[in-house]
Amino acid sequence: MRNVIKFGGSSLCDGASMIKASKTVDGDTVAVVVSAPGKRWRGDDKITDLLYRSSYGDAAALENVRRRFENISRSALIKDEILGEIFTSDFKDRLWDAPFIASRGEFFSAKIMAELLGYEFVDAADVIVFDSGGAPDIPSSIERIKAAIKDKNVVIPGFYGANKNGNIVTFPRGGSDITGAVVAAAANAKIYHNRTDVPGFMFCAPEHCEKYRVIPKMTYGEAYFLSRGGAGVIHADAVEISRRYGTVINVRSSFDKSSPGTLIGDFPRAFGVYGISGKATSDKLCAVSVGIHREDDGFDEARRLVISKTPAEPLEMTDDGMVFSVPVEKFDKTMQTLAAIL
Ligand code: ASP
């Protein structure tokens, strides 16, 4: 069995977590994709945010990155050489190059994880291809990854790649999920294991739902719809790539084994309202996405119920759900009222 695992940043936030994460990688795993170290606690900074701030001239942020990288290297018992590979004079000279600087978080995580696992480090700049317009070239990337993982196990940094001129280009924020989906497609993985800090895809974000539950199985369409709506569990583009290449995704917590998480694949569609997600779209407005299938029996009834609980008419209606735009001050209440009908 060939599996691909992608670890999110909160699972790699410090040295101890990196060691713990590396111990969950089993022998069937041909490739591991990693995010940059994330928040260690609520209110902490993600390395990627610190790196962006560094590239805009914030010296304190850069110092903070250095300290965190040093601590991780020490507690993961990794040689300081890796730090030397990052903080080269090239790094200081390229602070203006925000994509390059931002990519060093994933680069660093992958170097450490490769050492911990004894896997080969493959730089995403050599295998994830972007075209001159900044769009990822998925078929070319898959070809390159196939060649890179032939007969060996590898660790690949998420979030970035390079264009034909060798310049680093990044995916949107949260884009390591996209790298994971591309690598899983290239490896022909049975399952793309997306390991994160939540037990799986929830019917609704826990802050809005008292008894939040994990959705055991979802279709690609359902996961895509709720992700686009702001579910924040996996990047919507990663779901779309996995759909295209027929990879089943398993999203679950890296360290909490009590939930098997969510499987995303070609499963039967859910009936009625299958989930809710939301996000701010401006200072004043939020989008609320209600997952509900247009062709389901009972659609009209469910739709009427949803509209009666929402302070606006639907803005958009797709086969997988309805999107509403609500004023910021009504967002929490709307989410809670809708969650109560799940
Ligand atoms: N480190 C990047 C971010 O914070 C990419 C990722 O974690 O997926 O957005």
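Here, the structure is the one placed above.
Quick look at the structure, then. (Residues numbered from 1 in each chain as written. Predicted model: local features only at pLDDT ≥ 70, side-chain atom pairs only at ≥ 80, totals over all residues. Heavy atoms only, no water.)

1. Re the side chain of Asp-44
For clarity, the threshold we go by: By the criteria applied, helices consist of DSSP H or I runs no shorter than four residues and strands consist of E runs no shorter than two, each listed in order from the N terminus. It only takes one pair of heavy atoms within 4.5 Å for two residues to be counted as in contact.
Relative to the helices and strands, Asp-44 is located in the loop between strand 2 (29–34) and helix 2 (47–55). In this structure, Asp-44 is in contact with Gly-38, Lys-39 and Arg-68, ignoring residues within four places of it in sequence.

2. What about helix 10 (residues 220–228)?
How we decide: A simple rule labels every residue: compare its accessible area, found with a 1.4 Å probe on the protein chains alone, to the largest value its type can have, and call it buried under 20%, exposed over 50%, or partly exposed in between.
All of the buried residues along helix 10 are Tyr-220, Glu-222, Ala-223, Phe-225, Leu-226 and Ser-227. Downstream of helix 10 by one or two residues, Gly-230 has phi in the positive range, about 110 degrees.

3. Observations concerning the sheet that holds strand 14 (residues 321–327)
What counts is decided by this rule: Here a strand pair is declared whenever DSSP counts at least two bridges between the two strands. The axes used here are C-alpha line fits, helices contributing only the stretch in contact, and every angle between their N-to-C directions lies in the interval 0 to 180 degrees.
Pairing is antiparallel in the open sheet, where four strands are placed in the order 11-12-14-13. Strand pairing shows two members of the sheet lacking a second neighbour, strand 11 (273–280) and strand 13 (316–318), which therefore form its edges. Between one strand axis and the next, the sheet turns through 20 degrees on average, direction left out of account. The pairing of strand 11 with strand 12 (residues 285–292) spans seven bridges and is antiparallel.

4. What to know about the packing of aromatic side chains
For clarity, the threshold we go by: Each Phe, Tyr or Trp ring (for Trp, its six-membered ring) is paired with any other whose centre lies within 6.5 Å, and the angle between the two planes then decides the class: stacked below 30 degrees, edge-to-face above 60, tilted in between. For a Lys NZ or an Arg CZ to count as sitting over a ring, it must be within 6 Å of the ring centre and within 35 degrees of the ring normal.
For the structure on display, the rule yields five aromatic pairs. Ring pairs connect the aromatic residues Phe-69, Phe-87, Phe-91 and Phe-108, which therefore count as one cluster. Over the ring of Phe-121 we find Lys-111; its NZ or CZ atom is 4.5 Å from the centre of that ring. Of note, Arg-213 hangs over the ring of Phe-203, and the distance from its end group to the ring centre comes to 4.4 Å.

5. A look at the packing of helix 1 (residues 15–23) against helix 6 (residues 98–117)
For clarity, the threshold we go by: Oblique is the label for every angle not falling under 35 degrees (roughly parallel), over 145 degrees (roughly antiparallel), or within 65 to 115 degrees (roughly perpendicular). By convention the crossing between two helices is left-handed if the near helix lies anticlockwise of the far one by an angle smaller than a right angle, and right-handed if it lies clockwise.
Contact pair helix 1 / helix 6: the axes reach a minimum separation of 10 Å and the direction vectors enclose 55 degrees. Regarding the angle of helix 1 to helix 6, the classification is oblique. The hand of the helix 1/helix 6 crossing is right-handed. On the side of helix 1, the interface is formed by Met-18, Ile-19, Ala-21 and Ser-22, while helix 6 contributes Ser-109, Ile-112, Met-113, Leu-116 and Leu-117.

6. What to know about the side chain of Ser-253
Let me state the cut-off plainly: Residues adjacent in sequence count toward polar contacts only when both atoms are side-chain atoms; beyond that, a polar contact is any pair of N or O atoms within 3.5 Å, and within protein one must be able to donate a hydrogen and the other to accept it.
Here Ser-253 lies in strand 9 (residues 248–253). Only 3.3 Å separates the side chain of Ser-253 from the backbone nitrogen of Phe-255, close enough to count as a polar contact. Looking at Ser-253, its side chain comes within polar contact range of the main-chain nitrogen of Asp-256, at 2.9 Å. Residue contacts for Ser-253: discarding those within four places in its chain leaves Arg-195, Thr-196, Val-198 and Pro-199.

7. Things to note about the nonpolar core
Applicable threshold: In plain words, nonpolar cores are sets of buried Ala, Val, Leu, Ile, Met, Phe, Trp, Tyr and Cys residues tied together by side-chain atoms within 4.5 Å.
In terms of nonpolar packing, the biggest core is built from 90 residues, with Val-32, Met-113, Ile-145, Val-155 and Ile-264 touching the most fellow members. At eleven residues, helix 6 tops the list of elements feeding residues into this core. By size, the runner-up hydrophobic cluster in this structure holds 16 residues, among which are Cys-286, Val-326, Phe-331 and Met-335.

8. Re the pattern of salt bridges
Keep this limit in mind: Note on definitions: salt bridges are taken to be side-chain nitrogens of Lys or Arg within 4 Å of carboxyl oxygens of Asp or Glu.
Applying the stated criterion across every chain, the model contains 15 salt bridges. Of the charged contacts in the structure, one is a salt bridge between Glu-240 and Arg-243, with a shortest N-O distance of 2.8 Å. Here the residue Glu-240 and the residue Arg-243 both occupy positions in helix 11 (residues 236–245), the gap between them amounting to three residues, near one helical turn. Take Arg-243: its relative accessible area is 41%, and that puts it in the partly exposed class. Here Arg-244 and Glu-240 are joined by a salt bridge, their closest N and O atoms 3.8 Å apart. Of this pair, Arg-244 and Glu-240 both sit in helix 11, separated by four residues, roughly a single helical turn. By relative accessible area, Arg-244 is classed as partly exposed at 46%. Residues joined in a network through salt bridges with shared partners are Arg-40, Asp-44 and Arg-68.

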